[in-house]
Amino acid sequence: MSNKFIVFDKDHVWGIGDSEEKAIAEAKSWYENADGDYERDSASGKIHVAPCSELIINHIESQGGNNVMIIKNNAGEAILVSRTPVETVH
């Protein structure tokens, strides 16, 4: 796991940083520009902060942070969940 952090909700990445504090600062700026209440939604558990791998950071930087599904694993680390439809062959 890298020393990067990510701030996310069920559909978006709101911030990335070299520290938890930097990721939160970036997230607050984007979130509040989108007319959200960061403090309220963070307190309610709608927004999450987690350490993140370079692979996920690279994906987000190349593809964007919208419509991205990230969850925490059992160790509390961010993992990317694929939203790619799976074709079933009969």
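See the structure shown above.
Only a predicted model underlies this, so the values are computations on that prediction, with no experimental measurement involved.

Caption draft 1: A look at helix α3 (residues 54–63). Within α3 the residues assigned to the buried category are I56, I57 and I60. Here the buried residues of α3 occupy an arc of 100 degrees about the axis, which is enough to place them on one side. Exposed and facing more than 90 degrees away from the buried side of α3 are L55, S62 and Q63. Buried residues along α3 sit in contact with β1 (4–8), β2 (13–17), β3 (48–52), β4 (69–72) and β5 (78–81). Phi for G64, located one or two positions after α3, is positive at around 95 degrees.

Caption draft 2: Region of interest: the pairing of β1. Within β1, 4 of the 5 residues are buried, which leaves the element mostly enclosed by the surrounding structure. Judged from the 5 bridges that link them, β1 and β3 form a sheet pairing that is antiparallel. The partner of F8 across the bridge, within β3, is H48. Across 4 bridges, β1 lies against β2 in antiparallel orientation. Pairing of F8 across the sheet is with V13, part of β2.

Caption draft 3: Looking closely at the pattern of salt bridges. Scanning the model with the defined rule gives 5 salt bridges in all. Ionic pairing is found between K10 and D11, a salt bridge with its closest N-O pair at 3.5 Å. Residues participating in the shared-partner salt-bridge network are R40, D41 and K46.

Caption draft 4: Structural context of the sheet that holds β1. Strand order in the open sheet formed by 3 strands is β2-β1-β3, with antiparallel pairing between adjacent strands. Both edges of this open sheet fall to β2 and β3, since each of them pairs with a single strand only. Each strand of the sheet is rotated relative to its neighbour by a mean of 20 degrees, with strand direction disregarded. Where helix α1 (residues 20–33) meets the sheet, it contacts β1, β2 and β3, and its direction lies at approximately 150 degrees from that of β2.

Caption draft 5: Summary view of α1. Here α1 is 14 residues long and its end C-alpha atoms lie 20 Å apart, about the 20 Å a rise of 1.5 Å per residue gives. Listed as buried for α1 are A23, A27 and Y31. Seen end-on, α1 carries its buried residues on one side only, within an arc spanning 55 degrees. Those residues of α1 that are exposed and angled more than 90 degrees off the buried face are E21, K22 and N33. The inward-facing, buried residues of α1 contact β1, β2 and α2 (38–43). Where α1 terminates, the next one or two residues include D35, which has phi positive at roughly 65 degrees.

Basis of the calculations
- Residues numbered from 1 in each chain as written.
- Predicted model: local features only at pLDDT ≥ 70, side-chain atom pairs only at ≥ 80, totals over all residues.
- Heavy atoms only, no water.
- Buried < 20%, exposed > 50% of the residue type's maximum accessible area, 1.4 Å probe, protein only.
- Helix = DSSP H or I, 4+ residues; strand = E, 2+ residues; numbered from the N terminus.
- Arc of directions from axis to C-beta.
- Contact = heavy atoms within 4.5 Å.
- Pairing = 2+ DSSP bridges.
- Salt bridge = Lys/Arg side-chain N within 4 Å of Asp/Glu carboxyl O.
- Axes fitted to C-alpha atoms, helices over the stretch in contact; angles between N-to-C directions.
- Expected span 1.5 Å × (residues − 1).

As far as function goes, none of this settles anything; it's purely spatial.
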